[in-house]
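Read off the chains here:
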Amino acid sequence: MKYQFPLMLAAASLCFTGVSHANSEPESVEKSETLETLRLKRSENWGLAATIRSAGIPYSDSGSDIVSSFVPMMFYEDEAFFIDGIEGGLRLWEEDEWRLNTILRMRFIDLPTAVQNDIGGDTGDFGFQLKRQLGDGWYADLDLLSDKSSRFHGIATLGKKLEGESYDLNATVSARYKDADFNSFYYGLSEYRNDGVELGAGMDFKAGVKGRYHVYSNLYLVGAAYATYFDENVRNAPTISNDWQGEVYAGFGFFNDNRRHGEREISTRPYWRLAHGWATPSNIGDILAGDTEKDPFNNQLTSVFYGHPLSDELFGIPMDLYLTPGIVWHWNSDVQASSAEIVMAIKAYYTIDWPAKWRLGVAEGLSYVNNITYIEQTEMDEKGYEPSNLLNFIDLSLDVNLGDLFGKSEWNRAWLGYSIHHRSAIFEKASQFGRIKGGSNYNTIYLQIEF
């Protein structure tokens, strides 16, 4: 069950759709309008949340009843692409009340914490979703999904959305059909226990509610609670000790809610960023303190990031926010083969105008690498962990405006900067990252061009 979540599809798709959306121009725009006017963006709905998920452990002889995990979440939606917490996808077709999506969704397996690094705690499913709006907040979904080994399941959902002055709620009931391979692998533990069993297909039922509550400005409380009743084959399996499983989420997030704050024009421009970096075995604290150790094998990366404008303020403070997908190439060396990394993150910049314009930047998101790099594998070997391809991503940056630096107004949309490219697993607190501690750091320099 080792976690292999194919983020590459979602990130590559967003990179394409984000660029298309950022450069789209309505046909009714008068030709006399300037390019500057055409570059103006509308604020979009987005969000970034930090939650704790706690769930019952349904497996027998687990040694514990509950497992908890830290789950960072992103939210975003436009005409072609969406991210909604632990899932995302592309809109393939839409007409009237109907919509067809491709979808990629994280699924928690809820093994005991002690074995999650050895076996892997979570996985990802991908497939298609057909949606129908029924009116008055009601909707119906039909999902046809598979894991990476073609274990299939389908989910039929009936939901109701409720909106109040300070809250949004989404209540759902669903039925999930799982084929025999799915039940045997995930509930019979047929490949992971000596007493694992082969199970037949079955139908689960699930009900619950998720929502958010507005606290102040962009700050919201977020939460969810669900209960699942297992099918007869799972309930009677010797590997399962409970008929039911409950799960709850609780946390906080930052959102740009146009329903509350209103859509408005923003001046933030899209950008492309080209960076090159060098690996270091130093942790992020040592790097920030100026104590950076050189990687003896000189492992390097090159990255390209696209910045899609989201907002130009947070809590009323001038701050540029972007959705930023990126493609990273780790070059081969004496100790590693070349590999690709895909990143999806939300990044914020704060500008300091003295004596030139400087910007402090921080990004939070997800990173998936197809081959574990040497710098990460070495640290995992030293600590006795199995590495994870999917990790949390952080980018810390400092850049300066080249137009101000050299006194050339034509360079005002160019920035030269330094950043820390950081992958980590949040100190063993996240089952989706394999319950590990550590990761990798790269010192990078970059050129960023707004357009």
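Above this note sits the structure.
Along each chain, residues carry numbers from 1 onward, in the same order as the chain's sequence is written. Confidence filtering applies because this is a predicted model: local features only for residues at pLDDT of at least 70, side-chain atom pairs given and counted only at 80 or more, and all residues used for totals across whole chains, interfaces and linings. Hydrogens are left out, water is left out, and the side-chain values use all remaining heavy atoms of the structure.

A. Here's a closer look at unusual backbone geometry. Note the cis peptide between W354 and P355, where omega equals -20°. Mapped onto the secondary structure, P355 falls in the loop between strand 18 (339-353) and strand 19 (357-369). In this structure, D61 takes a positive phi of about 55° despite not being glycine. Of note, D61 is situated in the loop between strand 2 (46-56) and strand 3 (66-77). Helix and strand assignments come from DSSP, with helices taken as H or I runs of at least 4 residues and strands as E runs of at least 2, each series counted from the N terminus.

B. Quick peek at the environment of F305. Relative to the elements of secondary structure, F305 occurs in strand 16 (residues 300-314). Once the C-alpha coordinates of F305 and W272 are considered, the two residues, 33 residues apart in sequence, prove to be 5.8 Å apart. Between two residues, a contact is recorded if the distance between any of their heavy atoms is within 4.5 Å. When neighbours within four sequence positions are excluded, F305 is seen to be in contact with Y271, W272, R273, T324, P325, G326, V328, V343 and F393.

C. Focus on the sheet that holds strand 17 (residues 317-330). For two strands to pair, DSSP has to find at least two bridges joining them. If you trace the 8 strands once around the closed barrel, you get 15-16-17-18-19-20-21-22, paired in antiparallel fashion. Ignoring strand direction, the axes of neighbouring strands in this sheet form an average angle of 25°. Relative to strand 22 (residues 439-450), strand 15 (residues 271-280) runs antiparallel, the two sharing 10 bridges. Paired with R273 across the bridge in strand 22 is Q448. Each axis is a line fitted through C-alpha atoms, taken for helices only over the stretch in contact, and angles between the N-to-C directions span 0 to 180 degrees. On top of the sheet, helix 8 (residues 374-383) reaches strand 15, strand 20 (390-401), strand 21 (414-424) and strand 22; it is set at about 155° to strand 22, its chief contact.

D. Fine view of the layout of surface pockets. Put simply, the second largest pocket is a space of about 510 Å³. A pocket, in this scheme, is an open set of points on a 1 Å grid over the protein atoms alone with protein on both sides within 12 Å along at least 5 of 7 lines, while a cavity is a set where a 1.4 Å probe fits but cannot get out; residues line either one if an atom lies within 4 Å of a point. Along its surface, the second largest pocket is lined by 27 residues, and P281, N283, E379, G439 and N441 are the ones closest to its centre. Top element by residues in the lining of the second largest pocket is helix 8. It accounts for 6 residues. In this count, Pro and Cys sit with the nonpolar residues alongside Ala, Val, Leu, Ile, Met, Phe, Trp and Tyr, while Asp, Glu, Lys and Arg are called charged and the others, Gly among them, polar. When the residues that make up the lining of the second largest pocket are grouped by side-chain class, the tally is 9 nonpolar, 11 polar and 7 charged. Grid points are joined across faces, edges and corners, and a volume is the space filled by probe spheres set on the points.

E. Quick look at empty space enclosed by the protein. For the structure on display, the rule yields 2 cavities of 30 Å³ or more. Considered as a void within the structure, the second largest cavity measures approximately 40 Å³ in volume. Around the second largest cavity sit Y271, R273, F305, T324, K347, A363, F393 and D395, which together line it. Of all the elements in the fold, those that place two or more residues in the lining of the second largest cavity are strand 15 and strand 20. Partitioned by chemical class, the residues of the lining of the second largest cavity number 4 nonpolar, 1 polar and 3 charged.

F. Expanded view of the sheet that holds strand 4 (residues 81-85). What the 12 strands build is a closed barrel, ordered 2-3-4-5-6-7-8-9-10-11-12-13; its pairing is antiparallel. Strand-to-strand twist in this sheet, taken as the mean axis angle between neighbours without regard to direction, amounts to 25°. By the bridge criterion, 11 bridges tie strand 11 (residues 202-216) to strand 12 (residues 219-229) in an arrangement that is antiparallel. Residue pairing in the sheet places K210 in a bridge with A224 of strand 12.

Fair warning: the whole summary comes from geometry, so function is off the table for now.
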